[in-house]
Amino acid sequence: MQQSSGISGASLVDPALRAMFEARKRVFVDLLGWDVPVLDETFEIDQFDTPSAAYLVLTGENCEHRASARLLRSDGPHILRDLFPQLCSGPVPQDEAFREITRFCIDPTLPRADRRSVRNQLVSALADFAISEGIAGYSAVAPVPWFRQIAQFGWRCQQLGPCVSIDGQKLVALRIDIDQNTRAQLANAGIYCRNPKPEAYGGMELAA
């Protein structure tokens, strides 16, 4: 697994990030039909892919994409605050110790039998990353069926407000609290698996 922060034209030279943005286009644009920006008809990159964003990327032996997630600082621009604040009954989480999980992406080319295992690896990596970086928790926007799955992973997860139908899809906002017990909670639910130590790279500037 690799982690990075920021996005630039140079980022598309990196094979892991290039594969991640290609997979995001295949999932969110081609399969799900989202109306989001696409670069060169190949890469899904939007206004939140900035130098403050971080990425967790699971790759195969040849650097092919398996799964990935983007993490946005909740004390800066992020999807819940800027696009869907109506999903929160109270204030939108805007804490420097929190991150927003976005673009949780399982590669659509994986065999069906591998997808649950890869999902569990990425969830485990999110817990490991939060603990290692001193992150207190995550927020996210999710369709109701996906929220129900997330809530059953064993960690402390709560809905932040009403279920709202937006563009024909029922969405909710959620919060996940992370602490030293989270790994055990995920393990008890059959989710947690130890990942190799992530390779850190990046700190890339946003291209003009």
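Note that the structure is predicted; figures quoted are calculated from it, not measured.

K.L.:
Where do I start with the nonpolar core in this structure?
P.N.:
Buried together is how nonpolar side chains tend to be arranged in soluble globular proteins. Within the largest apolar cluster, 34 residues are counted, with the highest numbers of intra-cluster contacts made by Leu71, Ile101, Leu126, Tyr138, Trp155, Ile176 and Leu186. Considering each element in turn, this core owes the most residues, nine residues, to helix 3 (residues 112–133). If we ignore the near neighbours within four places in the chain, the residues touching leucine 71 are Ser52, Ala53, Ala54, Leu56, Arg99, Glu100, Ile101, Leu126, Phe129 and Tyr138. Listed in part, the 21 residues of the second largest apolar core include Leu12, Ile45, Phe48 and Ile79.

K.L.:
Explain unusual backbone geometry to me, please; I cannot follow it from the model alone.
P.N.:
Excluding glycine, residues mostly carry a negative phi; peptide bonds, for their part, are mostly trans. Its identity is not glycine, yet aspartate 40 carries a phi of approximately 55°, on the positive side. Note on placement: aspartate 40 falls in the loop between strand 2 (38–39) and strand 3 (43–44). Within the chain, glutamate 41 stands out as a residue other than glycine whose phi angle is a positive 55°. When you line up the elements, glutamate 41 lands in the loop between strand 2 and strand 3. Note on glutamate 41: relative accessible area 72%, which makes it exposed.

K.L.:
Whenever I open this one, a nonpolar patch on the surface confuses me. Can you help?
P.N.:
Side chains of Leu31, Leu32 and Trp34 sit close together on the surface and give an oily, nonpolar patch of about 320 Å² of accessible area. Relative to the helices and strands, tryptophan 34 resides in the loop between helix 1 (15–31) and strand 2.

K.L.:
Hey, could you run me through the pairing of strand 7 (residues 137–143) in this one?
P.N.:
Regular strands show a simple pattern: their side chains alternate between the two faces of the sheet. Counting buried positions along strand 7 yields five of seven residues, so the element is predominantly enclosed. Note: strand 6 (residues 98–106) against strand 7, three bridges, orientation parallel. Within the sheet, the bridge partner assigned to glutamate 100 lies in strand 7 and is serine 139. One crossover worth recording links strand 6 to the parallel strand 7 by way of helix 3, and it is right-handed. As judged from the seven bridges shared by strand 7 and strand 10 (residues 169–177), these two strands associate in the antiparallel manner.

So, how was this worked out
- Position numbers for residues count from 1 along each chain, tracking the sequence in the order it is written.
- Reporting of local features is limited, given that this is a predicted model, to residues whose pLDDT is at least 70; pairs of side-chain atoms are given and counted only at 80 or more, and all residues count toward the totals for whole chains, interfaces and linings.
- The basis for every side-chain value is the complete set of heavy atoms in the structure, and neither hydrogens nor water enter the calculation.
- The definition of a nonpolar core used throughout is a set of buried Ala, Val, Leu, Ile, Met, Phe, Trp, Tyr and Cys residues joined through side-chain atoms within 4.5 Å.
- Exposure is judged per residue with a 1.4 Å probe applied to protein chains only, and the accessible area is read against the type maximum: over 50% gives exposed, under 20% gives buried, and values in between give partly exposed.
- Numbering goes from the N terminus for both helices and strands, where a helix is a DSSP run of H or I of at least four residues and a strand is a run of E of at least two.
- In this analysis, two residues are considered to be in contact whenever any of their non-hydrogen atoms come within 4.5 Å of each other.
- Within this analysis, patches are made of residues with over 30% relative accessible area and no salt bridge. Like charges are joined at 9 Å or less; nonpolar side chains (Val, Leu, Ile, Met, Phe, Trp, Tyr) at 5 Å or less.
- All accessible areas in this document rest on Shrake-Rupley with a 1.4 Å probe, and a residue is counted as covered only by the protein chains that are shown.
- By definition, a salt bridge exists where a carboxyl oxygen of Asp or Glu is found within 4 Å of a side-chain nitrogen of Lys or Arg.
- A pair of strands counts as paired when DSSP detects no fewer than two bridges linking them.
- The handedness of a crossover follows from its direction of travel: if, with the strands pointing away from the viewer, the path from the first strand over the helix to the second runs clockwise, the crossover is right-handed.

Bear in mind that shape data such as this cannot, by itself, settle questions of function.
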